[in-house]
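Single-letter residue listing:
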Amino acid sequence: MQLRMTNQREIILRELRKSKRHLSADELYDIVKKVMPRISLATVYRNLEILSEAGLIGKLEISGRQKRFDYEVSDHDHIYCIVCHRVDNLTIERTSVDSEKLGAGAGYSITGYRVEIVGICPECQKKETIKEKDK
């Protein structure tokens, strides 16, 4: 797909890359609006979808939560904090999963897979520890 790189798309890509986080469209809009005050939320949403479809960014849909966008498009997995909703990259040794064997049992031809891990991030664990000490 040939994609014309508009000024808006360049700014969205740059700010997503600079953040080093998995931002929602709303979070990215708040950042981009500081650089480009006249941009609308709808424009950010539309361009994120276009950039995702073009393969320039990744789109995460974790447990039915708000979509998040990832500048890193290589094949990788994520871990999600159930308290603050933070998302981080996770390295899983993919050779340890026999996806063909798993799919064969259900009659599927596996074309890829995504692992979703949930837990409580280090910051939320610290906050909980502080609360426990204050009791």
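Below is a short write-up of the structure. Fair warning: this is a prediction, and the values are worked out from it, not measured in the lab. (Residues numbered from 1 in each chain as written. Predicted model: local features only at pLDDT ≥ 70, side-chain atom pairs only at ≥ 80, totals over all residues. Heavy atoms only, no water.)

1. Quick word on the sheet that holds strand β5 (residues 87-90)
Heads up, the rule is: Pairing between strands requires that DSSP locate at least two bridges from one strand to the other. Helical segments are the DSSP runs of H or I of at least four residues, strand segments are the runs of E of at least two, and each set is numbered from the N terminus. Axes here mean lines fitted to C-alpha atoms, for a helix over just the part in contact, with angles spanning 0 to 180 degrees between N-to-C directions.
Taking strand neighbours across the sheet as the criterion, the three strands line up as β5-β4-β6 in an open arrangement whose pairing is mixed. Of all the strands in the sheet, the pair left with one neighbour each is β5 and β6 (116-119). Strand-to-strand twist in this sheet, taken as the mean axis angle between neighbours without regard to direction, amounts to 30°. Sheet topology note: the strand β4 (residues 77-81)/β5 ladder contains four bridges and is antiparallel.

2. A closer look at the sheet that holds strand β2 (residues 58-60)
Read from one edge to the other, the open sheet built from three strands follows the order β1-β3-β2, with strand pairing classed as antiparallel. In this open sheet, the two strands that pair with only one neighbour each are β1 (23-24) and β2. The pairing of β2 with strand β3 (residues 68-70) spans three bridges and is antiparallel. In the sheet register, G58 faces β3, and the bridge partner there is D70.

3. Description of the side chain of R9
So the rule is basically this: The rule is simple: take the accessible area with a 1.4 Å probe, protein chains only, and divide by the maximum for that residue type; under 20% is buried, over 50% is exposed, in between is partly exposed. Neither His nor the chain ends is counted toward charge; the positive residues are Lys and Arg and the negative residues Asp and Glu. Note on definitions: salt bridges are taken to be side-chain nitrogens of Lys or Arg within 4 Å of carboxyl oxygens of Asp or Glu. Two N or O atoms count as a polar contact when they lie within 3.5 Å, although within protein this holds only if one can serve as hydrogen donor and the other as acceptor, and sequence-adjacent residues are included solely when both atoms are side-chain atoms. Note on contacts: a residue pair qualifies if any of its non-hydrogen atoms lie within 4.5 Å across the two residues.
Position of R9 among the secondary structure elements: in helix α1 (residues 7-19). No salt bridge is formed by the buried R9, whose closest oppositely charged neighbour, E53, lies at an N-O distance of 9.3 Å. Within the structure, the side chain of R9 is placed 2.6 Å from the backbone oxygen of R4, a separation counted as a polar contact. Reaching out from R9, the side chain makes a polar contact with the side chain of N47 at a distance of 2.6 Å. If sequence neighbours within four positions are ignored, R9 has contacts with L3, R4, N47, I50 and L51.

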